[in-house]
Amino acid sequence: MNNDQVDMFCYQCSQTVNETGCTKVGMCQKNPTIAKLQDNLLFAIKGISAYNYHLNEFGVSDSEIDKFLTEGLYATLTNMNFDLGNLIEYGLRAGEINLLVMTLLKKAHIDNYGDPSPETVNVGSVKGPGILVTGHDLKALEELLKQTEGKGINVYTHSEMLPAHGYPELKKYDHLVGQLGGPWFDQKKVFDKYNVAILGTTNCVLIPPKDSYNERMFTIGPVNLPGVKHIDGYDFTPIIDKAIELGDLEEEKRTEVTTGFGLNVILSLANKIKELVENGKIRRFFLVGGCDSPLPKTNYYRAFVEELPKDTIILTLGCGKYRFNDLDLGDIEGIPRLIDLGQCNDAIVAVDLAVALCELFSLELNDLPLTIVCSWMEQKAVAILWSLLSLGKKDILLGPILPAWANEDITNYLVETFNLTPIRDPKHDIKRILD
């Protein structure tokens, strides 16, 4: 067929068009915003699906979550949904469903691995062969720990696997020896540096893998990389054999970070926290975290935390914590100033804590002395942002850039409705919040 004879077609309004574009007025004039809201919904669905996959690993499913994933994805179909208000409602509904899936996943983690408690984790290598686990999948880590027990292999976490060290049923394994590296995007440097076998468990893997480590890297589940061996099920024999073949890492000087602050640990301090707040010794809580990125602008978050007065508490979660979790911020009469709540899915701990603080101080959510400062990427972060918005949380600071799906119309809506504020300068933002 001659290409000149093929009609062009606008899939947004079902009109045949010429090379200058669609000539239909009205509906197509709204398409940029409609398309971006559909993108937003797709990103949120991807994030929810990631958490739901891990939930399903524990044999748990929920019909309400499954129904929304089907309906929400269907709502993004071409020619399906041109209603701006309806797509905003889908975004807020996605936030509600994300709260549900995170709640169930956190329960599954605690049911299987116990209630997290604070743990000091060594960052750096010890002598012996090793396996490094990156991603978010605690089930995969557990199965690996079982199969490597007694084999003389050290297991290390990377990036969002750090909070695993806080769970009693995981940290009971003596060969879970520590952490190598920090955020997801340092992996090419870290994987190249340490001659260990590597297991990629979730979406935070970089492509293409470097030649220096691709033959000693493995993936599991939906994760697949070009030229990297894939493990079916939980049979880790290939990665165990590779770790032994590679031989020993050498001991190196190690640093320490702390993780594992579960909700019950923090709530056990509720009366002390209330006393310190009422006596003016804790002025404000800041939740600073989210999804880190290699953009220079994300240096903002370290500077922000460093600038915070000593009468403030910093809660953190996700890989955004690696911007500042090496800082020694001290404590306020025994309450640590830096409290790591866990992985990105542990945003539910922050939500539950905020609800508990509302009850503790008899205040509404937006009246709490609590400011949320989110570092931003996409997918899971989209779902978490809409979870916060679905709760009616206002005055969130967001950066280092605005979401790709937020054009001027959407940004104006979020600013006018929720006072969502782009980050600026740390000193300026802190002054505005505290004054």
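Analysis parameters
Residues numbered from 1 in each chain as written. Predicted model: local features only at pLDDT ≥ 70, side-chain atom pairs only at ≥ 80, totals over all residues. Heavy atoms only, no water. Helix = DSSP H or I, 4+ residues; strand = E, 2+ residues; numbered from the N terminus. Expected span 1.5 Å × (residues − 1). Polar contact = N/O pair within 3.5 Å; in protein donor to acceptor, adjacent residues only side chain to side chain. Buried < 20%, exposed > 50% of the residue type's maximum accessible area, 1.4 Å probe, protein only. Pairing = 2+ DSSP bridges. Core = buried A, V, L, I, M, F, W, Y, C linked by side-chain atoms within 4.5 Å. Axes fitted to C-alpha atoms, helices over the stretch in contact; angles between N-to-C directions. Parallel < 35°, antiparallel > 145°, perpendicular 65-115°, else oblique. Left-handed = near helix turned anticlockwise from the far one by under 90°. Contact = heavy atoms within 4.5 Å. Phe/Tyr/Trp six-rings, centres within 6.5 Å; stacked < 30°, edge-to-face > 60°. Lys NZ or Arg CZ within 6 Å of the ring centre and 35° of its normal. Disulfide = S-S within 2.5 Å. Salt bridge = Lys/Arg side-chain N within 4 Å of Asp/Glu carboxyl O.

## Comments concerning helix H3 (residues 84-113)
Every α-helical turn comprises 3.6 residues, leaving residues that sit three or four positions apart pointing alike.
Moving on, step 1. Compared with the 44 Å implied by 1.5 Å per residue over 30 residues, the 43 Å span of H3 between its first and last C-alpha is a close match.
Moving on, step 2. With a side-chain oxygen lying 3.1 Å from the backbone nitrogen of Gly-85, the N-terminal cap of H3 falls on Asp-83.
Moving on, step 3. Just downstream of H3, Gly-114 is the residue with a positive phi angle, here 90 degrees.

## What about unusual backbone geometry?
Moving on, step 1. The omega torsion of the bond from Ile-207 to Pro-208 falls at -10 degrees, within 30 degrees of zero and hence cis.
Moving on, step 2. As for its placement among the helices and strands, Pro-208 is situated in the loop between strand E7 (197-200) and strand E8 (217-220).
Moving on, step 3. With an omega dihedral of 0 degrees, the bond running from Gly-399 to Pro-400 counts as a cis peptide bond.
Moving on, step 4. Relative to the elements of secondary structure, Pro-400 occurs in the loop between strand E17 (397-399) and helix H13 (408-418).
Moving on, step 5. Backbone geometry at Glu-333 places phi at a positive 50 degrees, although glycine is not the residue there.
Moving on, step 6. You will see that Ser-362, though not glycine, has its phi angle at about 55 degrees, which is positive.

## Some thoughts on the pairing of E7
Moving on, step 1. Judged by which residues are buried, E7 turns out to be covered on both faces: Ala-197 and Leu-199 on one side and Ile-198 and Gly-200 on the other are all buried.
Moving on, step 2. Judged from the four bridges that link them, strand E4 (residues 130-134) and E7 form a sheet pairing that is parallel. Within E7, the residue paired with Thr-134 across the bridge is Gly-200.
Moving on, step 3. Sheet analysis places E7 next to E8, joined by three bridges and oriented parallel. Opposite Leu-199, over in E8, you have Phe-218 as the bridge partner.

## A few points about the nonpolar core
Moving on, step 1. Ile-48, Ile-131, Leu-199, Phe-236, Ile-239, Leu-341 and Trp-405 are the most contacted members of the largest nonpolar core, which has 100 residues in total.
Moving on, step 2. Sort the elements by how many residues they give to this core and H3 lands first, with 12 residues.

## Section: the packing of helix H10 (residues 299-307) against helix H14 (residues 426-434)
Moving on, step 1. As a packed pair, H10 and H14 sit with axes 9 Å apart at the nearest point and diverge in direction by 50 degrees. Taken together, the axes of H10 and H14 lie oblique to each other. Crossing geometry of H10 relative to H14 is assigned as right-handed. Note on element contacts: H14 touches H10 through Pro-426, Lys-427, Asp-429, Ile-430 and Ile-433, opposite Tyr-300, Ala-303, Phe-304 and Glu-307.

## As for the packing of aromatic side chains
Remark: the centre distance and the inter-plane angle together describe each pair of aromatic rings, the angle taken between the planes.
Moving on, step 1. Inspection of the entire model under this criterion finds nine aromatic pairs.
Moving on, step 2. Relative to Phe-185, the ring of Trp-184 has its centre 5.5 Å away and its plane inclined at 90 degrees; by these criteria the two rings are edge-to-face.
Moving on, step 3. Relative to Phe-418, the ring of Tyr-413 lies with its centre 6.4 Å away and its plane at 80 degrees, an arrangement referred to as edge-to-face.
Moving on, step 4. Joined through ring pairs, the aromatic side chains of Phe-286, Tyr-300, Tyr-301 and Phe-304 make up one cluster.
Moving on, step 5. Stacked on the ring of Phe-218, the Lys or Arg Lys-229 has its end atom at 5.2 Å from the ring centre.

## Quick notes on the packing of helix H1 (residues 31-57) against H3
Moving on, step 1. The geometry of H1 relative to H3 is characterised by a closest axis approach of 9 Å and an angle of 15 degrees between their N-to-C directions. Comparing their axes, H3 and H1 come out roughly parallel. The two elements H1 and H3 meet at a crossing, and its hand is left-handed.

## Description of the state of the cysteines
Moving on, step 1. Inspection of every chain in the model, using the stated rule, returns zero disulfides.
Moving on, step 2. There is no disulfide at Cys-358, and the cysteine sulfur nearest it, in Cys-374, is 17 Å away.
Moving on, step 3. A relative accessible area of 14% means that Cys-358 is categorised as buried.
Moving on, step 4. With no disulfide partner, Cys-374 has as its closest neighbouring cysteine sulfur the one in Cys-291, 11 Å distant.
Moving on, step 5. Overall, Cys-374 belongs to the buried group, its relative accessible area being 15%.

## What about the pattern of salt bridges?
Moving on, step 1. Summed over the entire model, instances satisfying the criterion amount to 25 salt bridges.
Moving on, step 2. Between Lys-171 and Glu-119 there is a salt bridge, and its shortest N-O distance comes to 3.1 Å. Of this pair, Lys-171 sits in helix H5 (residues 168-171) while Glu-119 sits in strand E3 (residues 119-123), placing them 52 residues apart in sequence.
Moving on, step 3. We classify Lys-171 as partly exposed; its relative accessible area is 26%.
Moving on, step 4. A salt bridge links Lys-127 to Asp-248; its shortest N-O distance comes to 3.8 Å. Highlighted residues: Lys-127 in the loop between E3 and E4 and Asp-248 in the loop between helix H7 (237-246) and strand E10 (255-259), separated in sequence by 121 residues.
Moving on, step 5. Taken together, the shared-partner salt bridges connect Lys-139, Glu-142, Glu-143 and Lys-146 into one network.

Spatial relationships are all this shows, so hold off on functional conclusions.
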